[in-house]
Structures are given as C-alpha cells and as structure tokens.
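The primary structure of each chain is shown beneath.
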Amino acid sequence: MPFDPLRPEYAAGLEVVQSIEERLVPATGTQRWVLQAHVAWYQRQRDKARAQALAAELEPLLRGVVQTDLALCAVLARVLLVRAEQPWLDGDTHQAQALAQEALALGAAQGDALLVGDAHALLAHIVWQRGEDNTPCFQAAHHAYAQAGDARRRRLLGLREIFGVALRDLVSARAMLANLGQDHPEDQHPSVKAWRLAVEANVLEHAGDYASALEPLSQAVGAALASGQHRVAAIWSGNLGIYLRNLHDLSGSLMWCERALALARQLDSRVMQATCLSQLGSLLGKLKRYDDAVEILVAADEAMVAGSEARAYNSHHLACVFIAMSDWERAALWLGIALPQLFATGRRVSINTAQLDLATVYAGQGHIAQAQQLGWQALADARQHHLRSNEVAALQTLADLCLLDPSVQSARQALGHLQQALAVARSIPGFQIEPKLLESLAAQWARQGDFEQAYRYLQEAAQARERVLGLEVGQRAAGLQVRYRTERLRQEADVLRRLSESEAQRANDLAVAHDTLAQLAQLGRELTAMVTESQVFEALEGYLYQFLDVSVMSLYLLEAETATLKRVYGRRQGQPLPALHLALDEPDSAEARCALERRVLRLESTCLGDDSAERQSPRVKPLTCTS
C-alpha cells in the first residue's frame, strides 16, 4: 500500500511504517515533521512509547509555526489525536476529549474532512468509555468520511457500529452487516478484516453459539495486531477467554486471559490492564480462589472509569464471587451497582446472567417467591433470544429453587429441569458440561432410587471436574496471580523510588539555595563596606563568576535624554572593555532589546564584547519575562 502524506490510513501494517521510516532518514525541516507525525499515528498503539515521544516533541514545534504556516495545522491536529490516546487509555477521558476536540477544531478550520472524521471516531470511543451515548459522534464521523470519499474508513466505522448494535438487537445487526456488504466491496485490508471477523464472532456470541465464535475472533485478534490496533486485540483476546469460560474450558480461558493481560501491559494502559485483571479475577472465582479473586476485582474496580461498561462487568464479577461464598449481603450490593449499568448497555447475555444471579441472592436471603419469578423470567428471555448457555443456567437455577422445598413433587420438578438443562448443554457445540449439573442429576436420581443412573452421572461428573479443575489449570492460575502481585509490587517500588529521588533532589536544591543565600549575605556585607563605584562593580563581578558560567560582565546606564545605553563598566576575562554607547532603537543590539522589552535574554553566540559576535542579536532567545 503506497504512503500518501495527505491521506493517511486509519491503521496500517508494519511495511507502511518501515517505508516511512526509510524516507525519514534523509528528510529535514517540515517534511521531516510530517513524516514523524505519520510514524506516531501508525505506531500509536503498536509502539505507544515511541509514538507519544514523537508527538510530545512535535507538538511545541508545530504550535510555534502554525500561525504563519497554515499547511501544518493538519499535522498538528494529527499529533493531537495521537496525544489524546494516552489519557484515553489511562482513563482520563476529560483530557482526552479536550485534545480530540482541539484536533477537531483545527481539522474543521482547514476543511480537512478526513481529520474531522478521525477526531469524531476517537470521540466516539472516549464518550462511550464514560458510559455516554456515542451515536452523534458516529453520525458526524460517517458524514465527514463521506465528504472525504474514504470508503475504507466508512466501512470500518460501519463495522464498529454493528459490533455495538449486536449487543442489543441481533436481527438489526445481521441486517446492517448484509447492507454493509452490498454498499462496500469486500476489503481485505487487515484493519477492515479484523473488524469484520470480530463482528461475525460478536453476532454468533449473542446468538449463544460461543464455539462457532472462537475461530473468527481468534483470526480477528491476528488481523488487529497486524494493523497496529493493539487495544482491540487485547479486548478481543479477553473476549475469547470469556467465550471459553462460558464453555467451561477454564484452561483455554486462562491462556487467552494471559495473552490479553500481556497486550494490555504492552499498551501501558491502566484501564486496559484493569479490564484484563477483572477477567482474571472472575476466573479465579470459578477456580474457588475467592480471596485472590476479591483482591484483584476490587483493585480493578478502583482503576476503571466511573459509569463504564467494563466497570459494570467487574461489579457483576464481584457479585458472583460473593454468591459463591454465600455472602448474600455483599452480593446484593454489587449486583445493585452492576444491573442498572448492564441494562444501559443492552447486552442481553450479561443482563440475563445477572438476573439469574439476583434470583440466587433472593433465594439465599429467603425470598423464594421473588427468586422463582425472576428465574422463570430469565428462562423465558433466554429462550426468546436463543441464549442457549443462559438457558442451561436458568434451568439449573430453577432446579436449585425447587430443591429448597423438601416435597416429592418439587424433587421431581427439579429432576425435570436438570434433565432439560443437560439436553440443552449437550446440543451446544463445544460446550463442556459443568460438574455441578452432573452431580445434581446424580443426587436426584439417587433420591428417586435409581442408583445405576446416579452412579453413571457421578462418574461423568468426576471426569468433568478433573478437566475443569485439573492441576495444570490451578498451576497456571497461581502463576497469573503471582505475576499480578509481582507487577503491583514493582509499581509500588517505582513510586517509592521516584519519591525518594524527588526528596533527594529537594534536599539538594535546599542545600544549594542555602549556599547561595549565604554568598549573597556575604556580598551584601562587603558592598556596605565599600565607598567607590569601581570597588562595588569589581565585587559584583567576582561573585557573578561564582553564580553563573560567564566570562563577560557589562553594566549599562540608561540616558533618557538621548535614548541611549552607556556602558559604565565592562570586563572580559579580567580585561577592561572600552566605553560604548548604544541607541535604544538599534535593530541589531541585544542590549537595547533587553532594555526595551524588560526581559532576560540568553545569547547562543559567543559572549558579549566589542567584536562582531557582540552584534549577533537575531540568535538571542527569551528565557524569562521580568516586570
């Protein structure tokens, strides 16, 4: 794919970045700035540290020249979009929004529809992370990309929209996907391919077909990494872990959880690491490592953005751990936090699961009628929306509620629910049946007096338990837990080290300031004992060489009547300088400029004197302003 400096792609492969890097070597001036901005853009998630370093270097340079070179406004806007990704990935959505809106304003002022679209696309991510409606941002981005005539970006944006719609309305999502294929020709660019495969997986997931969703989503992760979209690669890796967890393949789930966490750490994103830790905490809860799970989930909650979808899921994970611990009060507390946010997302799978968990909490608190009503409602919703794994869970919950009644009729109803649950579970491709379901069936058959059936289910349950809770899974979970704690300790050590360095620097600054004050006090005592101007000037010169790295001292007197500066004292390296008069309006005089502007100036040329170097005032730079 050829590189076009005026129309950069939304994402690109390494071969494009390498071609720009090759052109960057001989480039100078503004051409180099343009190329550096594009390297930062394409590497903003693939190599975030370098991208942010380039953007930080370019931003002040570009701000200094855009007033006179409007063509560089687009470059500055692109740099600001790169800069906005840092606070966005760290959860500081307000700073990210401010930078993105500044880039949007620059792009709009220049009539650059591509920049306007990219700014709106980033703003859509930012406001969604805060739990706000991002539809207006998507619509504005679509309009801008249409104006720019960028079919690839429009397709990418369309796929991102469908990904979100699938969470709420499968029928609409499938229709939108079909229409998108008709409106835009098939595009095999990795950035588009990644989102197309992810949408296919998302549609399958929300149809309850986790097994079929695994292949397209794993391919989507590879395509996202190839195109430098590492954030979504981390998210989708975590989603693969969730799919496998819902299929009760905890070993595979841990593998993808590890990969997601590694990508999040590579991104150096506090929010992404918290999201991946949340998935890890949920898995540890499934493995009955409750204290470890609570520790990680609480830490993840503190790092997440308030009102975000990720925080809603994390609250739900915490509730599930407390349910497993039979801590109904804390489970109800966290479900009360999670459910309103989950309803706001419209994700049917998550809402249905949370409702079943709430039914379990009601039962634990003794509210059996409310629990049964909610259980039947969740079962109906799962069947209506073809959420087959949720249907299994709903039938198990109803069976558990039946068993709270010791009557024979309730026992038969429980057995019926469990048999239905097993039949649905066996019909789901790749679904690994939980030991709890098989053990419950064994117990109910034994209660009915059919010990042969009970024994058969017990054997199957033992095999399932070994598969789900085997030694290898436990060891890997323990390894992840150790790495999490090690990482946290390393971060705490870094904070303490920085504090120590800061305190040491502060102590050093105080010592230097104390020495300086002592020298100034000594100077004051000496000056008060002197009676002639020459003695005062010589004393000042002696102390000047102690405080500053200079070799010249000149003192001037302003003669207001003639608007001139008169040198009254001057020495270079111990040798006196001749008398000198300078007009205040002399254009090449640094001294005149200093007096007129009342500013301290630093000369990059050689020190002041009577030779030609003294007149090289265009090379002066302002240091500080004085009143």
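Before going into details, it helps to say that this report is about the structure given with it. This is a predicted model, so every value here is computed, not measured.

Along the chain, the regular secondary structure elements total 26 helices and six strands. Within the chain, the fraction of its 627 residues that count as buried is 48%. When contacts within the chain are restricted to residue pairs at least 6 apart in sequence, long-range pairs at least 24 apart make up 59% of them. On the chain, roughly 29,600 Å² of surface is accessible, and the fraction owed to carbon and sulfur atoms is 55%.

Turning to the state of the cysteines, a few remarks are in order. Counted by the stated rule, this structure contains zero disulfides. Cysteine C276 is unpaired, with the sulfur of C257 as its nearest cysteine sulfur at 6.8 Å. By relative accessible area, C276 is classed as buried at 2%.

The next subject is the environment of G285. On the secondary structure map, G285 appears in helix α14 (residues 270-286). Residue classification places G285 among the buried positions, given a relative accessible area of 12%. Between the C-alpha atoms of G285 and F322, which are 37 residues apart in sequence, the distance is 9.1 Å. Each residue touching G285, except ones within four places of it in the same chain, is listed here: Y290, A293 and V321.

What follows deals with the packing of helix α5 (residues 93-110) against helix α6 (residues 113-129). Here α5 crosses α6 at 160°, and the two axes come no closer than 9 Å. Between α5 and α6, the interaxial angle falls into the category roughly antiparallel. For the element pair α5 and α6, the recorded crossing hand is left-handed. Two secondary-structure elements touch here, α5 through T93, A96, Q97, A100, Q101, L104, G107 and A108 and α6 through L115, V116, A119, H120, L122, L123, I126, V127 and Q129. For the contact of α5 with α6, the residue count by class is eleven nonpolar, six polar and no charged.

Before going further, it helps to spend a moment on the nonpolar core. Within the largest apolar cluster, 168 residues are counted, with the highest numbers of intra-cluster contacts made by L62, L81, L217, W236, L437 and L441. In contact with L441, not counting residues within four places along its chain, are L415, L418, Q419, L422 and Y457.

What follows deals with a nonpolar patch on the surface. Together, L517, L520, Y545, F547, L548 and V550 give the surface a local cluster of nonpolar side chains, amounting to about 520 Å² of exposed area. For the nonpolar patch, the elements supplying multiple residues, two or more each, are α24 (471-528) and α25 (533-547). Among the secondary structure elements, Y545 is positioned in helix α25.

In this sheet, strand β2 (residues 564-572) lies alongside strand β1 (residues 552-559) in antiparallel orientation, the contact comprising eight bridges. From the neighbouring strand, M553 faces β2, where its bridge partner is R571. In sequence, β1 turns back onto β2 through a hairpin of four residues, with A563 there showing a positive phi of about 55°. Pairing of β2 with strand β4 (residues 581-583) involves three bridges; the strand directions are antiparallel. Along β4, the bridge assignment pairs L565 with L582. By the bridge criterion, two bridges tie β2 to strand β3 (residues 575-576) in an arrangement that is antiparallel. Considered in β3, the bridge of R572 is made with Q575. Where β2 folds back on β3, the antiparallel hairpin that results is connected by two residues, among which Q573 adopts a positive phi of roughly 50°.

Here the focus is the pattern of salt bridges. By the definition in use, this model includes 17 salt bridges. With a shortest N-O distance of 3.1 Å, R311 and D301 are connected by a salt bridge. In this pair, R311 is assigned in helix α16 (residues 309-324) and D301 in helix α15 (residues 290-303), connecting sequence segments ten residues apart. According to the relative accessible area criterion, R311 is partly exposed, its value standing at 23%. With relative accessibility at 10%, the residue D301 sits in the buried group. Ionic contacts of the salt-bridge type, sharing partners, join the residues E59, R63, R83 and E102 into one network.

What counts and what doesn't
Residues numbered from 1 in each chain as written. Predicted model: local features only at pLDDT ≥ 70, side-chain atom pairs only at ≥ 80, totals over all residues. Heavy atoms only, no water. Helix = DSSP H or I, 4+ residues; strand = E, 2+ residues; numbered from the N terminus. Buried < 20%, exposed > 50% of the residue type's maximum accessible area, 1.4 Å probe, protein only. Contact = heavy atoms within 4.5 Å. Areas by Shrake-Rupley, 256 points an atom, 1.4 Å probe, with all protein chains shown as cover. Disulfide = S-S within 2.5 Å. Axes fitted to C-alpha atoms, helices over the stretch in contact; angles between N-to-C directions. Parallel < 35°, antiparallel > 145°, perpendicular 65-115°, else oblique. Left-handed = near helix turned anticlockwise from the far one by under 90°. Nonpolar A, V, L, I, M, F, W, Y, C, P; charged D, E, K, R; others polar. Core = buried A, V, L, I, M, F, W, Y, C linked by side-chain atoms within 4.5 Å. Patch = residues over 30% accessible without salt bridge, like charges linked within 9 Å, V, L, I, M, F, W, Y side chains within 5 Å. Salt bridge = Lys/Arg side-chain N within 4 Å of Asp/Glu carboxyl O. Pairing = 2+ DSSP bridges.

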